[in-house]
Amino acid sequence: MRLLVLKFGGTSVGNLERISNAAKRVIQKLKEGYKPVVVSSAMAGETDRLIKLAKEIDPMPPERELDMLVSTGEQQAIALFAITLQKLGYPAVSLCGWQVPVVTDKVHTKAKVKKIGVQRLKNLIEEGYIPIVAGFQGVTEDWEITTLGRGGSDLSAVALAYALGADCEIYTDVEGVFTADPRIVPTAKKIPLISYEEMLEMASLGAKVMQARSIEFAMKYNVRIHVRSSFNDNEGTWIVPEEEVMEKMAVRAITLDRNESRITVVRVPDRPGIAYQIFKALGDAHIVVDMIVQNVSHQGYTDMSFTVNKTDAPKAEEIVRKVAKEINAQEVVRDDKIAKVSIVGIGMKSSYGTAAKMFEVLYKNGINIMAISTSEIKISCLIEDKYGELAVRELHSAFIEEGQEVEVSNAS
Ligand code: ADP
Ligand code: ASP
Ligand code: MG
């Protein structure tokens, strides 16, 4: 009998009726002969609600306490899930992260999974129970509760599937991974098969359907993931190794990320060591920096801009203000009204003219580009937030709806 991890996202457990539907899906899998392990997110909106409460007290709440607070969202959901299954006549046991245990490092709010104990889960399954595990949570070696970053229940599910040698299904509120967010682009198409590489880029660039770190984990440990709807039985999207994806599209999908802020250090002396001082301080505070732009220097001075996640922005600004004083920069400016629009595709490696076409689409819509960054399989442009959705729609129309040449790989 195959073990199967079924992960339900916030919307899929958003109220009691939805929890009941999710529970019935688990029962159906049980009847099909699987041994199910459920991973649940908090009920829709709960994590945001808790974070907002903490921020009303302190805009930068202590991260240990924040983890203590937000982890309760998942604890509520798993208990309700287990009560539902028991009421339907199926033995189920809810477990918090520490009860599994999902052991992590000590970096609160974005902890990394270090070790997973599976004995308790295996014993429960052996005894005929359905374990319902709280997503998003972990525990440090000294018993502190941690969380795995926003969207972290995806990572809990993938990591558990790996540890148990189970299949992994992610149930969400869309039918799979689309060529763009279907809420922004109604004509977006479901992608039947996508490589880890492309999915990782998409996730890192704002397609919140899967958490980026969960894909990193899946890629490293070869966990195949099926993303599908919790509202119907349709086949969703399979996330698999690149060799299995025959069609290498230059542009597979368009993404939009509105979760970043730009910080500019104005009039920095242009001498060696300045970038090091700024980014070392940010790195020491565990802040992930994304795009970095340094302007051409004028009379020995230059401007340096970079983007960080909006949640890290106040902390990053505070840190950079301190460094700015030490290095005699003129001022530090923060801009929250920015968006990053990107095109992603593994076929980009061997196609040309893609960047020019992207810039043309933005130009024809009167959208100014503030920064550009590229990798082998993506091009991102930083633009004003108010143009974000327009840019996604126009790029989708130019690259996906109008078709593109398909390059057939040699892989068998
Ligand atoms: P869950 O609560 O199930 O984890 P999320 O809200 O985290 O669900 O992710 C699902 C959402 O991701 C969808 O409702 C959709 O709006 C958004 N999304 C963004 N980009 C994409 C994409 N390319 N394909 C599918 N969904 C996307
Ligand atoms: N509840 C957490 C969040 O909203 C984790 C998750 O849903 O995956 O980020
Ligand atoms: Mg999610």
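Look a little higher up for the structure.
Residues numbered from 1 in each chain as written. Chains lettered and ligands numbered in written order. Predicted model: local features only at pLDDT ≥ 70, side-chain atom pairs only at ≥ 80, totals over all residues. Heavy atoms only, no water.

**Q** Now, about the site of ligand 1: what can you tell me, with residues and values included?
**A** As a matter of local geometry, ligand 1 sits amid 17 residues, with Thr172, Asp173, Asp181, Arg183 and Lys208 nearest to it. In this structure, Lys208 approaches ligand 1 through a side-chain N or O atom, which is 2.9 Å from an oxygen atom. Burial of ligand 1 by the surrounding chains reaches 89%, relative to a free accessible area of 570 Å². Broken down by class, the residue content of the shell around ligand 1 amounts to eight nonpolar, four polar and five charged. (Near = heavy atom within 4 Å. Polar contact = N/O pair within 3.5 Å; in protein donor to acceptor, adjacent residues only side chain to side chain. Areas by Shrake-Rupley, 256 points an atom, 1.4 Å probe, with all protein chains shown as cover. Nonpolar A, V, L, I, M, F, W, Y, C, P; charged D, E, K, R; others polar.)

**Q** With reference to specific residues and values, describe the site of ligand 2.
**A** In the vicinity of ligand 2, the residues found are Ser41, Thr47, Glu74, Phe136, Arg150, Gly151, Gly152 and Ser153. Residue Arg150 places a side-chain N or O atom 2.7 Å away from an oxygen atom belonging to ligand 2. Protein chains bury 87% of the 270 Å² of accessible surface belonging to ligand 2 in isolation. Residues of the shell around ligand 2, tallied by class, amount to one nonpolar, five polar and two charged.

**Q** Run through the packing of helix 5 (residues 153-164) against helix 7 (residues 212-221), naming residues and quoting values.
**A** Where helix 5 meets helix 7, the closest approach of the two axes is 8 Å, and the angle between their N-to-C directions is 15 degrees. Compared by their axis directions, helix 5 and helix 7 come out roughly parallel. Between helix 5 and helix 7 the crossing geometry is left-handed. On helix 7, the residues that touch Asp154, Leu155, Val158, Ala159 and Tyr162 of helix 5 are Arg213, Ser214, Phe217, Ala218 and Tyr221. Per-class residue counts for the contact of helix 5 with helix 7 are seven nonpolar, one polar and two charged. (Axes fitted to C-alpha atoms, helices over the stretch in contact; angles between N-to-C directions. Helix = DSSP H or I, 4+ residues; strand = E, 2+ residues; numbered from the N terminus. Parallel < 35°, antiparallel > 145°, perpendicular 65-115°, else oblique. Left-handed = near helix turned anticlockwise from the far one by under 90°. Contact = heavy atoms within 4.5 Å.)

**Q** Quick one: what's the story with the pairing of strand 12 (residues 237-240), residue by residue and with numbers?
**A** Relative to strand 12, strand 10 (residues 193-195) runs parallel, the two being bridged by three bridges. Residue pairing across strands places Leu193 opposite Trp238, the latter belonging to strand 12. Bridge count for strand 11 (residues 225-229) against strand 12 is three bridges, and the pairing is antiparallel. Within the sheet, the bridge partner assigned to His226 lies in strand 12 and is Trp238. (Pairing = 2+ DSSP bridges.)

**Q** Describe helix 2 (residues 46-57), listing the residues and the values that go with them.
**A** Between its terminal C-alpha atoms helix 2 stretches 17 Å, which fits the 16 Å expected from twelve residues at 1.5 Å a residue. Residues Glu46, Thr47, Leu50, Ile51 and Ala54 constitute the buried set of helix 2. Projected onto a plane normal to the axis of helix 2, the buried residues spread over an arc of 135 degrees and lie on a single side. Pointing more than 90 degrees away from the buried face of helix 2 are the exposed residues Lys52 and Glu56. Along its buried surface, helix 2 packs onto helix 3 (63-87). (Expected span 1.5 Å × (residues − 1). Buried < 20%, exposed > 50% of the residue type's maximum accessible area, 1.4 Å probe, protein only. Arc of directions from axis to C-beta.)

**Q** Help me get a handle on the pattern of salt bridges, residues and values and all.
**A** When the charged atoms of two side chains with opposite charge come close together, those side chains can pair. Per the stated rule, a full pass over the model turns up 33 salt bridges. As a salt-bridge pair, Arg228 and Glu169 come within 2.9 Å of each other at their nearest N and O atoms. One end of the pair, Arg228, is in strand 11; the other, Glu169, is in strand 9 (residues 167-172), with 59 residues separating them in the sequence. Connected through shared salt-bridge partners, Lys29, Glu32, Glu169 and Arg228 make up one network. (Salt bridge = Lys/Arg side-chain N within 4 Å of Asp/Glu carboxyl O.)

**Q** Give me unusual backbone geometry: which residues, what numbers.
**A** For residues other than glycine, phi is negative in most cases, and the peptide bonds are mostly trans. Residue Pro101 is bonded to the preceding Val100 through a cis peptide linkage, with omega at -10 degrees. Topologically, Pro101 is positioned in the loop between strand 3 (92-95) and strand 4 (102-104). Even without glycine at this site, Phe136 takes up a positive phi of about 75 degrees. Here Phe136 is to be found in the loop between strand 6 (130-134) and strand 7 (137-139). Backbone geometry places Arg267, a non-glycine residue, at a positive phi of 50 degrees. For Arg267, a relative accessible area of 35% puts it in the partly exposed group.

**Q** Can you tell me about the nonpolar core, naming the residues and giving the values?
**A** Counting 47 residues, the largest nonpolar core has Val5, Met199, Ile225 and Ile239 as its most contacted members. The dominant element in this core, judged by the number of residues it contributes, is helix 5, at seven residues. Leave out the neighbours within four places in its chain, and Met199 touches Val177, Ile194, Val209, Met210, Ile215 and Ile239. (Core = buried A, V, L, I, M, F, W, Y, C linked by side-chain atoms within 4.5 Å.)

**Q** Outline the environment of Gln137, listing residues and values.
**A** Position of Gln137 among the secondary structure elements: in strand 7. For Gln137, a relative accessible area of 4% translates into the label buried. Spatially, the C-alpha atom of Gln137 lies 9.0 Å from that of Ala111, the residues being 26 residues apart in sequence. Those residues in contact with Gln137 that sit more than four places away from it in its chain are Ser71, Glu74, Gln75, Cys96, Gly97, Val102, Thr146, Leu148 and Ser156. Within the local environment of Gln137, its side chain forms a polar contact with the backbone nitrogen of Gly97, the two atoms lying 2.9 Å apart.

**Q** Kindly report on the pairing of strand 11, identifying the contributing residues and their values.
**A** The element strand 11 is extensively covered by neighbouring structure, given that five of its five residues are classed as buried. Here strand 11 shows a buried face lined by Ile225, Val227 and Ser229 and a second buried face lined by His226 and Arg228. The pairing of strand 9 with strand 11 spans five bridges and is parallel. Across the sheet, the residue bridging to Thr172 is Ser229, located in strand 11.

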